[in-house]
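Listed below are the residues making up each chain.
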Amino acid sequence: MTTTTLPPGKKTEPVSAPKGGISDRARSERKLGWLLAGPAFLVMLLVTAYPILQATYESLFDFRLTDPDNRAFVGLGNYGVILSDPLWWQSIGVTAFITVVTVAVELVLGFGLALVMVKALRALRPVLRAAILIPYAVITVVSAFAWQFAFDINSGFVNSWFTWLPGVAADTDWFGDKWTSLLVICLAEIWKTTPFISLLLLAGLAQVPEVLQEAAKVDGATRWQRMWKVTIPNMKAAIMVALLFRTLDAFRVFDTIFIMTNGANGTESVSFLAYRQTIARLEIGLGSAVSVLLFLAVVLIAFTFIKLFKVDLAQARGE
Amino acid sequence: MPYAADMEEPQTRATTVRPAAWGRSRRSLAGAAALLVTAGTLAACGSDGGGASSLTWYINPDAGGQAEIASRCTEASGGRYTIETAVLPRDAASQREQLIRRLAANDASIDLMSLDPPFIPEFAEAGFLAPVPEDVAERVTEDVVESAIEGSTWRDELVAVPFWANTQVLWYRTSVAEAAGLDMSQPVTWEQIVEAAESQGKLVGAQGARAESLTVWFNALIESAGGSIIAENAEDPEDIQLGLDTPEGQRATEIMQLVAESEAAGAAFSTSNEDSSATGFESENGGFNVNYPFVYPRALGAVEAGTMDASVPEDYAAAVYPRVDEDTEAAPPYGGINLGVGAFSESPELAYEAAECIVEDENQAYYFVTNGNPASATSVYDDEEVLEAFPMAPVIRESLELAAPRPQSPYYNEISVGIQRSYHPPSTVDPGSTGEQANELITAVLAKEDLL
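Residues numbered from 1 in each chain as written. Chains lettered and ligands numbered in written order. Predicted model: local features only at pLDDT ≥ 70, side-chain atom pairs only at ≥ 80, totals over all residues.

- In the annotation of an unreviewed UniProt entry, the entry for chain B reads Carbohydrate ABC transporter substrate-binding protein, CUT1 family, and the organism field reads Blastococcus haudaquaticus.
- Taken directly from UniProt, the Sequence similarities (unreviewed entry) text for chain B runs: "Belongs to the bacterial solute-binding protein 1 family." (UniProt positions renumbered as here; feature names shortened; annotations may be inferred.)

- Where an unreviewed UniProt entry is consulted, chain A appears under the name Carbohydrate ABC transporter membrane protein 1, CUT1 family, with the organism given as Blastococcus haudaquaticus.
- Regarding chain A, the relevant UniProt record gives this comment under Subcellular location (unreviewed entry): "Cell membrane".

**A short note on the overall build of chain A**
Phase 1 of the analysis: Along chain A, the regular secondary structure elements total 14 helices and two strands.
Phase 2 of the analysis: With respect to the principal axes defined by its C-alpha atoms, chain A has extents near 70 × 60 × 35 Å.
Phase 3 of the analysis: Looking at chain A as a whole, 34% of its 319 residues are labelled buried. (Helix = DSSP H or I, 4+ residues; strand = E, 2+ residues; numbered from the N terminus. Buried ≥ 20, exposed ≤ 12 C-beta atoms within 10 Å, placed from the backbone.)

**Overview of the overall build of chain B**
Phase 1 of the analysis: Scanning chain B for helices and strands turns up 19 helices and 13 strands.
Phase 2 of the analysis: Within chain B, buried positions represent 50% of all 452 residues.
Phase 3 of the analysis: Sequence separation of 24 or more characterises 73% of the internal contacts of chain B that already satisfy a separation of 6 or more. (Contact = placed C-beta atoms within 7 Å.)

**Re helix H10 (residues 247–261) of chain B**
Residue and element names in this part refer to chain B.
Phase 1 of the analysis: Look at H10: 21 Å from first C-alpha to last across 15 residues, which is about the 21 Å you get at 1.5 Å a residue.
Phase 2 of the analysis: Here H10 has its buried residues at Glu 248, Gly 249, Gln 250, Arg 251, Ala 252, Thr 253, Ile 255, Met 256, Val 259 and Ala 260.
Phase 3 of the analysis: Contacts made by the buried residues of H10 are with helix H8 (190–200), strand S8 (203–205), helix H9 (212–224), helix H18 (412–423) and helix H19 (434–446). (Expected span 1.5 Å × (residues − 1).)

**Overview of H18 of chain B**
Phase 1 of the analysis: Taking 1.5 Å per residue as the helical rise, H18 of chain B with its twelve residues ought to reach 16 Å, and the 16 Å between its terminal C-alpha atoms agrees with that figure.
Phase 2 of the analysis: Across the twelve residues that make up H18 of chain B, a large majority, twelve, are buried.
Phase 3 of the analysis: Within the span of H18 of chain B, buried status applies to Tyr 412, Asn 413, Glu 414, Ile 415, Ser 416, Val 417, Gly 418, Ile 419, Gln 420, Arg 421, Ser 422 and Tyr 423 of chain B.
Phase 4 of the analysis: Against helix H12 (270–280) of chain A together with helix H4 (120–125), H9, H10 and H19 of chain B lie the buried residues of H18 of chain B.

**Considerations on the domain arrangement of chain B**
All names here are of chain B.
Phase 1 of the analysis: Each assigned domain of chain B is listed here: domain 1 (52–166 + 335–402) and domain 2 (167–333 + 406–446).
Phase 2 of the analysis: One C-alpha centre belongs to domain 1, the other to domain 2; they are set 26 Å apart.
Phase 3 of the analysis: Looking at the side of domain 1 that touches domain 2, the elements with two or more residues in it are helix H3 (92–104), H4, strand S6 (161–167) and helix H17 (393–402).
Phase 4 of the analysis: The dominant element in the side of domain 1 that touches domain 2, judged by the number of residues it contributes, is H17, at six residues.
Phase 5 of the analysis: When the residues that make up the side of domain 1 that touches domain 2 are grouped by side-chain class, the tally is 14 nonpolar, four polar and three charged. (Domains from an automatic or database assignment. Nonpolar A, V, L, I, M, F, W, Y, C, P; charged D, E, K, R; others polar.)

**Focus on the sheet that holds S8 of chain B**
Neighbouring strands of a sheet are bound in pairs by backbone hydrogen bonds; such pairs are parallel or else antiparallel.
All names here are of chain B.
Phase 1 of the analysis: With mixed pairing, four strands are arranged side by side in an open sheet as S8-S11-S7-S12. Taken across any chain shown, the strands that pair with only one partner, and hence form the sheet edges, are S8 and strand S12 (316–319). On average, adjacent strands in this sheet sit at an angle of 20° to one another, irrespective of strand direction. (Pairing = 2+ DSSP bridges. Axes fitted to C-alpha atoms, helices over the stretch in contact; angles between N-to-C directions.)

**Let's talk about the interface of chain B and chain A**
Phase 1 of the analysis: Counting residues at the interface gives 32 residues for chain B and 36 residues for chain A.
Phase 2 of the analysis: For the side of chain B that touches chain A, the elements supplying multiple residues, two or more each, are helix H1 (4–49), H3, helix H11 (274–282) and H18 of chain B.
Phase 3 of the analysis: For the side of chain B that touches chain A, the leading source of residues is H1 of chain B, giving five residues.
Phase 4 of the analysis: In terms of residue class, the side of chain B that touches chain A is built from 17 nonpolar, six polar and nine charged.

**What about the sheet that holds strand S1 (residues 54–59) of chain B?**
Residue and element names in this part refer to chain B.
Phase 1 of the analysis: With mixed pairing, five strands are arranged side by side in an open sheet as S2-S1-S3-S13-S6. Unpaired on one side and paired on the other, strand S2 (82–87) and S6 mark the two borders of the sheet. Each neighbouring strand pair of the sheet contributes to a mean axis angle of 20°, computed without reference to strand direction.
Phase 2 of the analysis: Judged from the two bridges that link them, S1 and strand S3 (residues 112–115) form a sheet pairing that is parallel. Bridge pairing in S3 places Tyr 58 opposite Met 113.

**Points about the nonpolar core**
Phase 1 of the analysis: Counting residues in each nonpolar core, the largest one holds 190 residues, and the members touching the most others are Leu 201 of chain A together with Leu 170, Val 204, Leu 221, Ala 354 and Ala 355 of chain B.
Phase 2 of the analysis: At 14 residues, the largest contribution of residues to this core is made by helix H7 (residues 178–207) of chain A.
Phase 3 of the analysis: Each of domain 1 (52–166 + 335–402) and domain 2 (167–333 + 406–446) of chain B gives at least three residues to this core.
Phase 4 of the analysis: Sequence-distant contacts of Leu 201 of chain A, defined by excluding residues within four places in its chain, comprise Gly 110, Phe 111, Ala 114, Ala 238, Ile 239 and Ala 242 of chain A. (Core = buried A, V, L, I, M, F, W, Y, C linked by C-beta atoms within 7 Å.)

**Considerations on the UniProt feature "domain: ABC transmembrane type-1" (unreviewed entry) in chain A**
Phase 1 of the analysis: Those residues carrying the UniProt feature "domain: ABC transmembrane type-1" (unreviewed entry) are residues 92–305 of chain A in this numbering.
Phase 2 of the analysis: Helix makes up 76% of residues 92–305 of chain A and strand 0%, whereas the separation of the span's terminal C-alpha atoms amounts to 19 Å.

**Topic: the UniProt feature "transmembrane region" (unreviewed entry) in chain A**
All names here are of chain A.
Phase 1 of the analysis: UniProt feature "transmembrane region" (unreviewed entry): in the numbering of this structure it lies at residues 32–53, 87–118, 130–151, 182–206 and 284–309.
Phase 2 of the analysis: Along residues 87–118 one finds 100% helix and 0% strand; the C-alpha atoms at either end are 45 Å apart.
Phase 3 of the analysis: Measuring from the first to the last C-alpha atom of residues 284–309 gives 36 Å, for a span that is 96% helix and 0% strand.

**A few points about the environment of Glu 254 of chain B**
Residue and element names in this part refer to chain B.
Phase 1 of the analysis: Note on placement: Glu 254 falls in helix H10.
Phase 2 of the analysis: The class for Glu 254 is partly exposed, based on 19 C-beta atoms found within 10 Å.
Phase 3 of the analysis: Distance in space between the C-alpha atoms of Glu 254 and Glu 282 is 27 Å, their sequence separation being 28 residues.

**Some remarks on the packing of helix H2 (residues 65–76) of chain B against helix H14 (residues 348–358) of chain B**
Residues and elements named next belong to chain B.
Phase 1 of the analysis: Where H2 meets H14, the closest approach of the two axes is 10 Å, and the angle between their N-to-C directions is 115°. As for how H2 packs across H14, the hand of that crossing is right-handed. Residues Ile 69, Cys 73 and Ala 76 of H2 form the contact with H14, whose participating residues are Ala 354, Cys 357 and Ile 358.
Phase 2 of the analysis: Residue composition of the contact of H2 with H14, grouped by class: six nonpolar, no polar and no charged. (Left-handed = near helix turned anticlockwise from the far one by under 90°.)

**Quick look at the environment of Leu 35 of chain A**
Phase 1 of the analysis: Relative to the helices and strands, Leu 35 of chain A is located in helix H1 (residues 24–58).
Phase 2 of the analysis: Measuring from C-alpha to C-alpha, the distance between Leu 35 of chain A and Ser 59 of chain A comes to 35 Å, with 24 residues separating the pair along the chain.

**Quick word on the confidence of the model for chain B**
All names here are of chain B.
Phase 1 of the analysis: Scored by pLDDT, chain B has a mean of 86; 88% of the residues are at 70 or more.
Phase 2 of the analysis: Note that pLDDT drops below 50 for residues 1–52; the model gives that stretch 20 contacts with residues more than four away or on any other chain.
Phase 3 of the analysis: Two summary scores accompany this predicted model of the complex, namely pTM at 0.83 and ipTM at 0.80. (pLDDT = per-residue confidence, 0-100.)

**Thoughts on unusual backbone geometry**
All names here are of chain B.
Phase 1 of the analysis: Residue Pro 425 is bonded to the preceding His 424 through a cis peptide linkage, with omega at -10°.
Phase 2 of the analysis: Position of Pro 425 relative to the elements: it lies in the loop between H18 and H19.
Phase 3 of the analysis: The backbone phi angle of Asn 106 is positive, close to 55°, even though this residue is not glycine.
Phase 4 of the analysis: Residue placement: Asn 106 occurs in the loop between H3 and S3.

The following block contains the structure:
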């Protein structure tokens, strides 16, 4: 069986639409668009472009906050220091690990939750949505503390409730080892951001035309076949957008690591590394360079998603 | 657009629920925000308009002692100044971060600040501390324990006012020491207490977490062995000589390994800080714990709150920090808080006047008795009230006299975090190689050739 999607949108355009050139109406609409979006665009430039440019500029200097007199231009020297340091590559690895694990698990869980929300009784839906959204409303630092306390060897309940699981004992020190620490960090992240992904997928699910489902049903497709051949292909855009947003988010993970391990046992993420150079070590130049590299990594991820997987952001908005 | 109706269903439902309920609360929220902003501006005007009389003291979180001392000194000043307190983050490293960022921006609102001693050289070197007037310097160093004066000094000049002086002692359960046959009236070594705890199936608590407390422990070990983290040239990051790969550094690493690998270390040793090791000491497995004096008032508080049996603190006793080698005196950790006056304060003279009031003997005695933070003034240790509240006050004083400060350098943060990275987790240290690795890492970090 082939996948079933609707015919491309351009076929539904009226035949009478003028070809080429911009009509007066389109021009005035474009002008209105600029007038409406212009102020927001300016604010965006001010609060995002300016800091990025300043960080890029600072990253070319050897500059310690407590010693501004000895500020010196070092060109790309800071980047050389970072890229030749094993700690940088280790934290790239940790960040990639957290990103891949959390996004993959969240996608599956989020899809399940979205299905539950769609299929739930009308009366239950608002309650269900609110309940699913609660973790997302919790501040990351608070959620990190809550999970840390739960797994803490002295005050936590996990060690006494889950001793029946292999590998869990009353004296398991979750934050004393790299992989157990990362497990708890991933769990906390998954718990907190699955609602975000499920909301985006819920919007995508609602986009799947009911007629296609009915047609598939008439053709005798099973529930499983309808899921794989009708539902998922029709919400591909929504899935890709959800993946993109979450991947960008997950790659910048900081709060949970800061609270739970403070970077111990090799659990530093790239953001954490930027924090330690800039805020703790006060090396503004070196820290800015780490931040710029993090920014480039995020741009690369966004670019890969959009070009390689052909994510069409406009399509997800239903345009 | 095809099938718009299908798509919009969840969206319209979502938006229709909001406006009525949210609109009102959003308006009132905006109103509240506007009020807050206005109040903030007014308050700022107030303190500026009030001129020199309002002082702000940035304090580390405590049990309310500094706020009480602030109000006492406000009263005693007879209207010359009022001291308001502003609380800093919980741990010393975050306190430093916040103060430095404010001072780097020339924050004039910082009149007084409670400073952790190892960070004082960094503040002094950056010009963030107002110079101490000579007459003040003379008065505030009279009858003060040596370690507290040393901790307030940078480049042979007093740059901060000694306030309270902390030190770690060896807390032990009398019953455990007796059962193990350990004579606590004599100085004991790390080997002895580990052996005693193991024989009784009890814990030896120390701070193995990757935090400042690990540097505190390691520094006490290397100083007790007769060495130092910085051997020479503490001021110069390019010529600094570290003493981590010396025989003394190796000996300190051996002790760290001995404790961390012993059964007495407990399961969570690599995440154990001052609080969790005190919790371990309070438990029925408690045996020994190197920790600050707060352990005792904390237990008394728990008894009062009904969460601990009164027999537990009755079993507590304190001795001077364990020795690394039998014949060499221990060098216990030195900590505490000294007062710095902000270089950008509008009224440094008044701030120093207030600082002198804050560190007066009776305030130090009050702070010792109520908050468990030992005084830097020697006379306080003869105060009867202090002796009653802290029967172990003489041990604390003796420990303070022996105490060795952590390395004094404007680059202390790099050195400390470098040590934490190399010596954590303590169970993986190797006396043969860890010191050399730490030496290399810290040297490279100071030369800005490595990330931290």
